[in-house]
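Descriptive analysis of the structure
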Amino acid sequence: MKQDSDLRNNLKSIRTRLGMSQQDLANIANVTRQTISGVESGQYAPSVAITLRLAKALGCQVEDLFWLERDLPEIEAVLAKPIPNGQQLRVSIARVGGQWIAYPLIGKDAFRQDMIPADGEGTSLTGTNKVRVRLLDDNLDTLHNTVVIAGCAPVISLWARATERWHPQLRVQYNFANSMAALHSLCRGEAHIAGMHLYDPETGDYNTPFVRNVLAGREAVLITLGVWEEGLLLKSGNPMGIRTVSDLVAGGATIVNREIGSGSRMLLEQTLQKEQIPFDAVQGFDNVLKSHQDVAQAVVRGVADAGMSTASVATAFGLGFIPLHQSRYDLVILKEYLEEAPVQQLLSTLGHRMVHSQFEILGGYDISKIGEVVATV
């Protein structure tokens, strides 16, 4: 029987993943190789009996093999960042503050180390900031049980993976953003949680003054993730003998900087001002990179002699490190999100040994106050 135009199948993908040829599968399922070929190409719709035999032979459910395209839902979502009108793109989806948010999987946002799976395919709606998303499966429960964190601390991904092992139905989406960008993302309703590490020298406080300013009256809580050591990443063995930021200038060292709004850039600027060193006296001050990992890789490759980051990143890349400051990394959460079950599940794991062990073995973090509410605004 000719296959329904709306019927889709995953037969070839599952078969090849198991290392089976078409003939191997045909022998096990007691059908002809031509039947397997016809199903995989979409030219043949198998009977119920053949469908059950195929599923049994492959050790999966019928729903894993076949589905109807028209059964997949469509939703309308707000784009987290602009894209050209009418462009189709892969997106990740989450429910934040009562509305669907679509995160375009474009460029670096499509990867961590491996490519990030998409939840759907979106087409932007002309003249709006919205997108029509055709979901790739009908598991809306997963999308409803997604917590979105914006931040730049590499340990967020460790926390997320440990949490998902403890709560298998929970999904944590980690969107990379510097401290100020994360805070603005929270304010725009694109994230449940913003991670930040900004120091205000006027008040001697961390993060709270910036949160008050950006949220402008909206209620939020700040929960500590940990205190990390920030300072200068250097080549292994510190061949230039750098000990302070003054040594950077005296030795003609080249640095890489971070973008405006990042805690690392703010610390570098505050340190230079304290030492009364003009920004333009530092070679590479305007050479901007977008993450702690990028800074470390630049030093490893010899593109720069130094850069600002954390002790844990230095250890991970086998680099030298000169500590300059201890910064408190806080999680900022709007009070309206605090009672949502996925957010509660995520926060509850801050006290779990599994999470503490990941942080401790990484090094460079003081987690003695992890999970403590340090401020309300």
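One structure accompanies this document, and this report is about it.

Another aspect to go through is the pairing of strand β17 (residues 320-334). Bridging between strand β10 (residues 193-196) and β17 involves four bridges; their strand directions are antiparallel. Within β17, the residue paired with Met-196 across the bridge is Asp-330. The sheet contact formed by strand β13 (residues 220-234) and β17 spans 14 bridges and is antiparallel. Bridging from a neighbouring strand, Glu-229 pairs with Gln-326 of β17.

Put simply, helix α7 (residues 155-166) and helix α15 (residues 353-362) touch, their axes get as near as 9 Å, and they point 150° apart. Compared by their axis directions, α7 and α15 come out roughly antiparallel. Of the two elements, α7 crosses α15, and the hand of that crossing is right-handed. Across the interface between the two elements, Val-155, Leu-158, Trp-159, Ala-162, Arg-165 and Trp-166 from α7 touch Met-354, Val-355, Gln-358, Phe-359 and Leu-362 from α15. In terms of residue class, the contact of α7 with α15 is built from nine nonpolar, one polar and one charged.

If you walk through the whole model with that rule in mind, you get 13 salt bridges. With a shortest N-O distance of 2.9 Å, Glu-190 and Arg-188 are connected by a salt bridge. Taken together, the shared-partner salt bridges in this structure form one network comprising Glu-76, Lys-130 and Arg-132.

Quick look at the side chain of His-292 now. Its location among the elements puts His-292 in helix α12 (residues 292-301). Apart from the residues within four sequence positions on either side, His-292 is in contact with Cys-152, Pro-154, His-197, Trp-228, Arg-258, Ser-264, Ser-309, Thr-310 and Val-313.

Next up on the list: the environment of Asp-64. Tracing the backbone through its elements, the reader meets Asp-64 in helix α5 (residues 62-65). Between the C-alpha atom of Asp-64 and that of Leu-143, which follows or precedes it by 79 residues, the distance is 19 Å.

The next thing to look at is the sheet that holds strand β6 (residues 120-124). Reading around the circumference, β3-β5-β4-β6-β7 is the order of the five strands in this closed barrel, with mixed pairing throughout. On average, each strand axis in the sheet is inclined to that of its neighbour by 50°, with strand direction left out of account. As paired strands, strand β4 (residues 88-96) and strand β5 (residues 99-104) are joined by six bridges and run antiparallel to one another. By the bridge assignment for β5, Ser-92 is matched with Tyr-103.

Per the stated rule, a full pass over the model turns up five aromatic pairs. Seen in terms of ring centroids, Trp-228 and Tyr-365 are 5.7 Å apart; in terms of plane orientation they differ by 50°. Their pairing is tilted. Pair noted here: Trp-228 is in strand β13 and Tyr-365 is in strand β18 (residues 365-366), with a separation of 137 residues, a long-range link. The class of Tyr-365 is buried, set by a relative accessible area of 14%. With a centroid separation of 4.8 Å and an interplanar angle of 15°, the aromatic rings of Phe-279 and Phe-285 are classed as stacked. Within the aromatic cluster, the residues linked to one another by ring pairs are Trp-228, Tyr-329, Phe-359 and Tyr-365.

Let's shift gears to empty space enclosed by the protein. For the coordinates displayed, the defined rule picks out two cavities of 30 Å³ or more. Put simply, the largest cavity is a space of about 40 Å³. Taken together, His-197, Leu-198, Tyr-199, Glu-230, Gly-263, Met-266, Leu-267, Gln-270, His-325 and Ser-327 form the lining of the largest cavity. Listing elements by their share of the lining of the largest cavity, those giving two or more residues are α11 (263-274) and β17. Among the elements that make up the lining of the largest cavity, the one with the highest residue count is α11 (four residues). When its residues are assigned to classes, the lining of the largest cavity shows four nonpolar, five polar and one charged. In this model, the second largest cavity occupies a volume close to 30 Å³.

Calculation criteria
- Residues numbered from 1 in each chain as written.
- Predicted model: local features only at pLDDT ≥ 70, side-chain atom pairs only at ≥ 80, totals over all residues.
- Heavy atoms only, no water.
- Pairing = 2+ DSSP bridges.
- Helix = DSSP H or I, 4+ residues; strand = E, 2+ residues; numbered from the N terminus.
- Axes fitted to C-alpha atoms, helices over the stretch in contact; angles between N-to-C directions.
- Parallel < 35°, antiparallel > 145°, perpendicular 65-115°, else oblique.
- Left-handed = near helix turned anticlockwise from the far one by under 90°.
- Contact = heavy atoms within 4.5 Å.
- Nonpolar A, V, L, I, M, F, W, Y, C, P; charged D, E, K, R; others polar.
- Salt bridge = Lys/Arg side-chain N within 4 Å of Asp/Glu carboxyl O.
- Phe/Tyr/Trp six-rings, centres within 6.5 Å; stacked < 30°, edge-to-face > 60°.
- Buried < 20%, exposed > 50% of the residue type's maximum accessible area, 1.4 Å probe, protein only.
- 1 Å grid on protein atoms, 1.4 Å probe; cavity = no way out; pocket = protein on both sides within 12 Å on 5 of 7 lines; lining within 4 Å.
- Points joined across faces, edges and corners; volume = space filled by probe spheres on them.

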